[in-house]
Structure formats: C-alpha cells, structure tokens
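A closer look at the structure
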Amino acid sequence: MLVVHHLSHSRSQRILWLLEELGVPYRVRFYEREARSHLAPEELKAVHPLGKSPVITDGSRAVAESGAIIDYIVRRHGNGQLAPSPDSWLYDQYMQWLHYAEGSAALPLVMKGLSSHLGDMWRPLKRRVDTELDTHLGYINQSLEERDYLVGNAFSAADVQMSFIGELAALRTDRSRFPNLEGWVRRFQRRPAYQAAIRRGGPYDLGSG
Ligand SMILES: N[C@@H](CCC(=O)N[C@@H](CS)C(=O)NCC(=O)O)C(=O)O
C-alpha cells in the first residue's frame, strides 16, 4: 500500500488530497517539525536521503519531489483519472503546470517567507522578489481567466500540484489583487476530497511551517 510520509503543515498535504480525489487507499505516517528550526525531523532521512516532505513509499520504492510524486500516483494508480490523454496538447499544458509550480513559481514565495530572517540583507532583494511574485501570480491569474481550473477547464492533478502556490500566495501578498487566483483557491478548497484530506492529515496552517 502507498504510504505518505506527511510532515505537519507542509506540501505533503496536497498528496493526501490527490489520493482522496482518486479514491486510492493509502496510509499516513506523521512527522512533526522540529520546534525551533521548523525543519523536518532527522528520521525522514531514513525514508529518502533528502529528508524533505512529501515523500511516498510504494512497497520498496521511495519517490520524492511533489511533481514527480503526483505524476507517479496518477500514472500508476490513477486509472486514467485527473490527467488529460498523453497524446493531447492539454497533456503538454498539464505537464507544464506540474513542473512550473516548484520549478519557478515557488521560489519568490519561499524567498519572501525568508525575508523576516534576513534583516538589512533583504533590502536589495525586495524589489526583485516582489516583481517576480507579481509576474508569477499575474500569470496564474491570467491563465484562470474565464475558467474554473488550470487545464482545459476540468479539474486535474495540475490543480493539486499548483494548490500550494495559490495557498502560500495569501501569506506573502494581498491575494485579492489576483481575483481569478483567489476564486480558484476558494473553489478547490470546497471540494469534498480536499476537506477529507485535511481531516486525514491534521491541522494545515502554512503560516506555522
Ligand atoms: N520542491 C520540493 C520541496 C520539498 C520541501 O522543501 N518540503 C518542505 C515542506 S513544505 C520541507 O520538507 N521542509 C522541511 C525541511 O526542509 O527540513 C517538493 O515540492 O517536494
């Protein structure tokens, strides 16, 4: 059975959500962040050398990195759900979102989160990071014009992968400046599987991670 190694208040919440959407059985192994550093506990390195979350195990295999995990689960356990047909242009768009979330969009959000620790060193970076944030959130907002979900107007695993970006955006900027993005986050948070995953994973507060 699939095991999700779930770090509190983290990106692994979206893996629980994906599994709930697909109706795939799974177990959760819980890990708490270190109290002072908020980093993952050392024991997670026994599952995968990076010691980050999410990581899943499927029998003797361990898979790390959210985008790769989502692709693995959808391909191997999804029964054709939540991804467009691989020979379609929609699939290419789907893949773009799967890579884009952690490859580009996450960086300015994470940097902005670190700003409070950087003191004066933050000043020269601030303008660049704010510009990058506007570029990426503006792009997502524009992509959601007149559509409910990111790929071809059907909910897909790309929305799950991108959800962390949408949720973190509220902590780093005034998300109401991006109304389509705001509406999309509210829409996916209402999905029954999203709420089931919150019940399964425990409290989910990105501000504390
Ligand atoms: N790009 C990676 C990021 C993994 C990552 O940094 N996860 C955070 C949780 S949101 C983590 O494990 N933080 C604890 C630590 O770095 O010790 C992914 O999407 O899986």
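1. Side note on the domain arrangement of the protein chain
Per the domain assignment, the segments of the protein chain are domain 1 (2–82) and domain 2 (89–191). Relative to domain 2, the C-alpha centre of domain 1 lies at a distance of 21 Å. The interface of domain 1 with domain 2 comprises 12 residues on the first partner and 17 residues on the second. Interface area for domain 1 against domain 2, summed over the two sides, is near 1300 Å², with a carbon-plus-sulfur share of 61%. Considering only the side of domain 1, the residues that lose the most area to domain 2 are Arg 11, Arg 14 and Trp 17, jointly responsible for 45% of the buried surface there. For Glu 102, the salt bridge is made with Arg 11, and the minimal N-O distance between the two is 2.9 Å. Viewed at the interface, domain 2 and domain 1 are joined by 5 residue pairs in polar contact (both at pLDDT 80 or more).

2. Some details on the packing of aromatic side chains
Overall, the coordinates contain 10 aromatic pairs when judged by the stated rule. Between Trp 97 and Tyr 100, the ring centres sit 5.6 Å apart and the planes meet at 80°, which makes this aromatic pair edge-to-face. Of this pair, Trp 97 and Tyr 100 both sit in helix 3 (residues 89–118), 3 residues apart, which is roughly one turn of the helix. The class for Trp 97 is buried, based on a relative accessible area of 4%. Tyr 100 sits in the buried class, given a relative accessible area of 10%. Where Tyr 149 meets Phe 155, the ring centres are 5.2 Å apart and the plane angle is 75°; that geometry is what we call edge-to-face. Take Tyr 149: its relative accessible area is 9%, and that puts it in the buried class.

3. Description of the environment of Gly 152
Considering the arrangement of structural elements, one finds Gly 152 in the loop between helix 4 (123–143) and helix 5 (157–172). Along the primary structure Gly 152 and Leu 90 are separated by 62 residues, whereas in three dimensions their C-alpha atoms are 6.7 Å apart.

4. So, the site of the ligand
Not every one of the 13 residues close to the ligand is listed here, only the nearest: Ala 40, Lys 52, Ser 53, Glu 65 and Ser 66. Between the ligand and Ser 53, the relevant distance is 2.8 Å, taken from a nitrogen atom to a main-chain nitrogen or oxygen of the residue. Contact distances for the ligand include 2.6 Å between a nitrogen atom and a side-chain N or O atom of Glu 65. Alone, the ligand offers 510 Å² of accessible surface; in the complex the protein occludes 83% of this. Across the shell around the ligand, the residue classes tally to 4 nonpolar, 3 polar and 6 charged.

5. Quick notes on helix 7 (residues 192–201)
Buried within helix 7 are the following residues: Ala 193, Tyr 194, Ala 196, Ala 197 and Gly 201. Projected down its long axis, helix 7 carries its buried residues within an arc of 160°, all on one side. For helix 7, the exposed residues lying more than 90 degrees away from the buried face are Pro 192 and Arg 199. For helix 7, the elements touching its buried residues are strand 1 (2–7), helix 1 (13–22), strand 2 (26–31), helix 5 and helix 6 (179–189). Phi turns positive one or two residues past the end of helix 7, at Gly 202, with a value near 90°.

So, how was this worked out
- Residues numbered from 1 in each chain as written.
- Predicted model: local features only at pLDDT ≥ 70, side-chain atom pairs only at ≥ 80, totals over all residues.
- Heavy atoms only, no water.
- Domains from an automatic or database assignment.
- Contact = heavy atoms within 4.5 Å.
- Buried area = accessible area lost by both parts, 1.4 Å probe.
- Salt bridge = Lys/Arg side-chain N within 4 Å of Asp/Glu carboxyl O.
- Polar contact = N/O pair within 3.5 Å; in protein donor to acceptor, adjacent residues only side chain to side chain.
- Phe/Tyr/Trp six-rings, centres within 6.5 Å; stacked < 30°, edge-to-face > 60°.
- Helix = DSSP H or I, 4+ residues; strand = E, 2+ residues; numbered from the N terminus.
- Buried < 20%, exposed > 50% of the residue type's maximum accessible area, 1.4 Å probe, protein only.
- Near = heavy atom within 4 Å.
- Areas by Shrake-Rupley, 256 points an atom, 1.4 Å probe, with all protein chains shown as cover.
- Nonpolar A, V, L, I, M, F, W, Y, C, P; charged D, E, K, R; others polar.
- Arc of directions from axis to C-beta.

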